[in-house]
Amino acid sequence: MKPLPPISRRNFLKLTATVAAGAALAGCAPKQSTNAPADTATTALKPTIPPSPTQATIGTTSAPPEPGPTESEPTEASPTAEPTPTNAPAYMAVAHGPDPAAITRAAVDALGGISSFVAAGYDVIIKPNICTGYHTPEYATTTNPTVVATLVSMCLEAGAERVRVMDYPFGGTAKSAYAISGITDAVEAAGGEMHVMSQAKYTQVEIPQGIDIRSVDIYPDVLEADLLINVPIAKSHDATRLTLGGKNLMGVILDRGMMHYNLGQRIADLTSLVQPELTVIDAVRILTAHGPTGGDLADVKQMDTVIASRDIVAADAYAATLFGLTGADIGYVQKSADMGLGTLDLSSINIQEINLG
Amino acid sequence: MNWAGWRRVRQAVQILAFAFYIYLIFGVVEQRVAPPLSNIFFRLDPLSALGGMLASRQWITGLALALITVGLTVIIGRVWCGWICPLGSLLEWISFRSARQRAKNISQKLRGVKYFLLATSLAAALFGSLSLLALDPIAIFTRTLTTSILPGLFYGINSIEKALYHLNFLTPALDTFEGLVRGTTLPVEQPAFAQSLAIGMLFAGLVALNLLAHRFWCRYLCPLGALLGLLSKVSLLRPVIGSACTGCSRCARVCKPGAINPDPQNIEVMPSECTLCLDCMASCKPDDIRFRMARKPAAGQDFDLSRRQALGALASGVAGVLLLNTDLRLRQDNPWRIRPPGVTNEEAFLSNCLRCSQCIKICPTTALQPALTEAGLGGLWSPLVVPRVGYCDYGCTACGQVCPSGAIPLLALEEKRQVVIGKASIDKDRCLPWASGIPCIVCEEMCPTPQKSIRLEEANLIDSSGNTVTVLRPSVLRDLCIGCGICEHHCPLEGVAAIRIYRASS
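Residues numbered from 1 in each chain as written. Chains lettered and ligands numbered in written order. Predicted model: local features only at pLDDT ≥ 70, side-chain atom pairs only at ≥ 80, totals over all residues.

Summing up its helical and strand segments, chain A has 14 helices and 12 strands in all. Burial status across chain A gives 59% buried among its 357 residues. Within chain A, contacts between residues separated by at least 24 positions form 74% of all contacts whose residues are at least 6 apart in sequence. (Helix = DSSP H or I, 4+ residues; strand = E, 2+ residues; numbered from the N terminus. Buried ≥ 20, exposed ≤ 12 C-beta atoms within 10 Å, placed from the backbone. Contact = placed C-beta atoms within 7 Å.)

Put into structure tokens, the structure is as follows:
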């Protein structure tokens, strides 16, 4: 054996240089994060901004969505799938029925069909509420897995290239919460992927319309995706009375503690930044008390309802009525309406109620 | 197969055992269900088993696997040290050429230190203290990886990723990498531990001792090695130099642990120091070093403990226990000495906890932290719940699953949800709604108990600008609170939370 030192000087220097380069790169991280992501975010945001009621007319020209309820609903689905292309697309659709998959499809179809949201090759993110890893879906603490999986299937059928489902649980870890919620199994069976949000990726983004908060550390994919579908479950929540679409968006930011210093306005500010193109509220089962964590089946009420709208404020306002409240009772819904992010006036909009038995 | 072939087998087994150990360390990232075998190295460790059973005065079935190691040692010697022990393998691989020369200047007597440590540890265990099990090699390695090496590694990876995410063309590659490892191999939350630097430096020092002698720790200090060394003195098969010996003493020169007495008149392998690396057998020109049956115990060595030394070791163990138990810290009922779920009796816990750090490793929220002096010096590196750092996850039973000695009881999820580890208490002078009239109910929101252990009451009060505001003020329902600490963890107040978990008085 030759008496070589364990590491030659040259190799040592190479290694040092590599480490130094890595350190230098790491060192510039915090400075850049304030500037660079801001422009990427705003540019990415622009094409997708206004979910105005007029946008819905695109749906009229689109062909009837491919036979949505193929397997499950041969009889009931056809009467509801047909009115969609003939009538003007609804501003909001509320579907009732025992099959979560069928009502999800019916509600989205009534808005003009998934093809009015998804074009071929789209990168779609679905944001359910997977707040904790404590309970299975019957406890109504996390979004109904069938509702989420149905949306995944619909997006893929409409030609989406990739559908990712993500949340950042506050209780338990992402992987375990995804699994316990039943969403992992359902989504993966439907061909979507469960995505874990990595802290390394959060970037600071300005909120141009923000009233109380002007910037936030956010998971950038949510802003960059071609389509963001917000899929909250309707639950009681003592701070805000109800956790619905707006509250569900808190899952995409890093520091949620600071939100609580002025929760209603700050959620509205966040909503103005994220502006999901589609909000689908899962009210298959709702949690009427002890939310958002739940755990008592006595607090769960079977509603067999799904609400869908491009207007997050209107959807939240409607969902509030399921609890005997109005949108104005809920701070962040009112503040969002004040900012012009949607309408609270349910009498002024075209709501299509669909009953699937 | 010749000896050189067997030597390669040994190296392969070492690599496999090491890789398996590291795989298990990584296998528990973010998991609330422990992978099977996750604590297998501790369960095979006779020092942990003997210490744990002596101190807790009970048969611990989970640790009975150590009998396999004992059995192997009694048959053939310290096969654990040379073939399996991951710390031993690491120290073998980090080898310094200059150490060979330096080792000659180290007195053989120093080898007695490990026996002294063993005797002291076991004496202390007999009197109920497992503090010295912190020196178990598997515990040392696991603790260092858990609290020091891995968090540093994760931080480094995150920092590099953060920087690289600014290079847009790398984003797809980074996303792919993230998708593969995040939440499975790499944790979502960056772990942080008390004493990470100190524990890392102790480990670095232990490795640096290799500059003085090959596997310095194993030769001179390791109490587990000492225990196995004692057993090896009576092992059935021992490496014995046969009559064909030419007295060339090549075997003594190649023996890395220095287990062969080089005196040509009296050349012999000391079974207590031999780690079965097979180097001597492979190098013997007449090929006459073999495992041979032996009936009599091996001859004593200079460094074996004399009767006086042995008594001294026992006495120091006992004295140590007496002094540790009169530590003032144990008398002061430290309200933040919160133990993992299911632990009820502090004294019994300290007599049962192997200081192995497995629970600290698996806790998905890094709520479990190694104690420094919170439980007295005797509780060094035992696990504490520190809710501000991490909460006890309402859906998790992982610490009980990995605890090899049962110090943390194995509870079903429903049982664990009832277990009280502490009680929350609100500091009304700091709590936002109480003190400042700012609406905040995060503690109530987070509370996982089905009926909510925090009640909100509406109150009208005058805020700092003189306006009358209506806020919801939280108060703890003591009967319902289980002390999981998620309220303290998520309390948005800066610094110390306005709601804190205190040890539940039993």
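Our focus in this paragraph is the overall build of chain B. Per the secondary structure count, chain B includes 24 helices and 10 strands. Each of the three principal axes of chain B carries a C-alpha extent, and together these read 100 × 60 × 40 Å. Going through the 506 residues of chain B one by one, you find that 49% of them count as buried. Relative to all contacts within chain B whose residues are 6 or more apart in sequence, the contacts with residues 24 or more apart total 76%.

The next subject is the interface of chain B and chain A. How big an interface is tends to be stated in terms of accessible area lost as the parts join. Contacts between the two partners involve 40 residues from chain B and, on the opposite side, 37 residues from chain A. Going through the elements one at a time, helix H9 (137–164), helix H23 (442–446) and helix H24 (486–490) of chain B are the ones with two or more residues in the side of chain B that touches chain A. Per-element tally for the side of chain B that touches chain A: the top contributor is H9(B), with 7 residues. Tallied by class, residues from the side of chain B that touches chain A come to 21 nonpolar, 9 polar and 10 charged. (Nonpolar A, V, L, I, M, F, W, Y, C, P; charged D, E, K, R; others polar.)

Before going further, it helps to spend a moment on the pairing of strand E9 (residues 468–476) of chain B. Residue and element names in this part refer to chain B. Sheet analysis places strand E8 (residues 454–462) next to E9, joined by 9 bridges and oriented antiparallel. Bridging across to E9, isoleucine 462 finds its partner in threonine 468. Joining the antiparallel neighbours E8 and E9 is a turn of 5 residues, in which glycine 466 adopts a positive phi near 85°. (Pairing = 2+ DSSP bridges.)

Before going further, it helps to examine the nonpolar core. Judged by nonpolar contacts, the single largest core of 233 residues is most densely connected at A:Ala107, A:Val148, A:Val306 and A:Ile307. Each of domain 1 (3–293) and domain 2 (420–506) of chain B accounts for three or more of the residues forming this core. With near-sequence residues (within four places) excluded, A:Ile307 lies in contact with A:Met92, A:Val94, A:Ala107, A:Ile281, A:Ala283, A:Ala315, A:Tyr318 and A:Ala319. (Core = buried A, V, L, I, M, F, W, Y, C linked by C-beta atoms within 7 Å. Domains from an automatic or database assignment.)

A few words on the confidence of the model for chain B. Of all residues in chain B, 99% attain a pLDDT of 70 or more, and the chain-wide mean is 92. Interface predicted TM-score (ipTM) for the complex: 0.87; the corresponding pTM is 0.86. (pLDDT = per-residue confidence, 0-100.)

Turning to the environment of A:Leu341, a few remarks are in order. All names here are of chain A. Its place among the elements puts leucine 341 in the loop between helix H14 (331–338) and strand E12 (351–355). The buried category is assigned to leucine 341, around which 20 C-beta atoms lie within 10 Å. With near-sequence residues (within four places) excluded, leucine 341 lies in contact with Ala268, Thr271, Ser272, Ile312, Val313 and Ser336.

In this section: the packing of helix H6 (residues 86–93) of chain B against H9(B). All names here are of chain B. Where H6 meets H9, the axes come as close as 8 Å, and the angle between the chain directions of the two elements is 75°. Classified by the angle their axes make, H6 and H9 are roughly perpendicular. Along its contact with H6, which presents Pro86, Leu87 and Gly88, the element H9 presents Pro137, Ile138, Ile140 and Phe141. (Axes fitted to C-alpha atoms, helices over the stretch in contact; angles between N-to-C directions. Parallel < 35°, antiparallel > 145°, perpendicular 65-115°, else oblique.)

With that settled, the discussion passes to the environment of B:Leu411. Residue and element names in this part refer to chain B. Among the secondary structure elements, leucine 411 is positioned in the loop between helix H20 (398–402) and helix H21 (413–418). When the C-alpha positions of leucine 411 and threonine 397 are compared, they lie 6.6 Å apart, and in sequence the two are 14 residues distant. When near neighbours in sequence (up to four residues on either side) are disregarded, leucine 411 contacts Pro341, Gly342, Thr397, Gly400, Lys416 and Val419.

What follows deals with helix H13 (residues 312–322) of chain A. Residues and elements named next belong to chain A. For H13, a buried count of 9 out of 11 residues is recorded, marking the element as mostly surrounded by other parts of the structure. Those residues of H13 that sit buried are Ile312, Val313, Ala314, Ala315, Asp316, Ala317, Tyr318, Ala319 and Ala320. Following H13 by one or two positions, glycine 324 has its phi on the positive side, about 75°.

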